[in-house]
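# Remarks on the overall topology
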Amino acid sequence: MRNKVEIFTPSDTTNAFGEIELNFTSLGTYYCSLSTRITDEMTKDQALLSIVKYDLRFRYYSTLENLPKGSYITLGNQTLEVLAIANVKNLNKQVQIMCEERS
């Protein structure tokens, strides 16, 4: 568990005009182990889009197991989109989060 990441979750707030604004609040800073799973490249609008998928392993925290849709993780200067979350073997010892980085 060497990598330090910060997790952000979406939250809706209402401004002075009654409009709903989507903001992201920091859930906190956590340590995890990190491994790269799949690297893929695709062409979109005459540009090469590189997709890197990450497997993050955290110690078990119930808040990490129930992250809302649209959450993201920052790792240094990289922004990782949360794809899937799993409680490893349902033992409440590790939480696995699959993420994707696009550049």
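So, how was this worked out
- Residues numbered from 1 in each chain as written.
- Predicted model: local features only at pLDDT ≥ 70, side-chain atom pairs only at ≥ 80, totals over all residues.
- Heavy atoms only, no water.
- Phe/Tyr/Trp six-rings, centres within 6.5 Å; stacked < 30°, edge-to-face > 60°.
- Helix = DSSP H or I, 4+ residues; strand = E, 2+ residues; numbered from the N terminus.
- Core = buried A, V, L, I, M, F, W, Y, C linked by side-chain atoms within 4.5 Å.
- Buried < 20%, exposed > 50% of the residue type's maximum accessible area, 1.4 Å probe, protein only.
- Contact = heavy atoms within 4.5 Å.

## A look at the packing of aromatic side chains
Enumeration over the complete set of coordinates arrives at four aromatic pairs. Arranged with centres 5.1 Å apart and planes meeting at 70°, the rings of Phe24 and Tyr72 form a pair that is edge-to-face. Of the two residues, Phe24 sits in strand 2 (residues 20-44) while Tyr72 sits in strand 4 (residues 72-75), which places them 48 residues apart along the sequence. With 6.4 Å between their ring centres and 90° between their planes, Tyr30 and Phe58 make a pair best called edge-to-face. You can see Tyr30 sitting in strand 2 and its partner Phe58 sitting in strand 3 (residues 47-59), a full 28 residues away along the chain. Here a set of aromatic residues connected by ring pairs shows up, and it is made of Phe8, Phe24 and Tyr72.

## Observations concerning the nonpolar core
By size, the foremost hydrophobic cluster in this structure holds 16 residues, and its most contacted members are Ile7, Leu56, Phe58, Ile73, Leu80, Ile97 and Cys99. For this core, the elements supplying multiple residues, two or more each, are strand 1 (3-14), strand 2, strand 3, strand 4 and strand 6 (94-102). At four residues, the largest contribution of residues to this core is made by strand 3. When residues no more than four places from it in sequence are discounted, the contact partners of Ile73 are Val5, Glu6, Ile7, Leu56, Gln78, Thr79, Leu80, Val82, Ile97 and Cys99.

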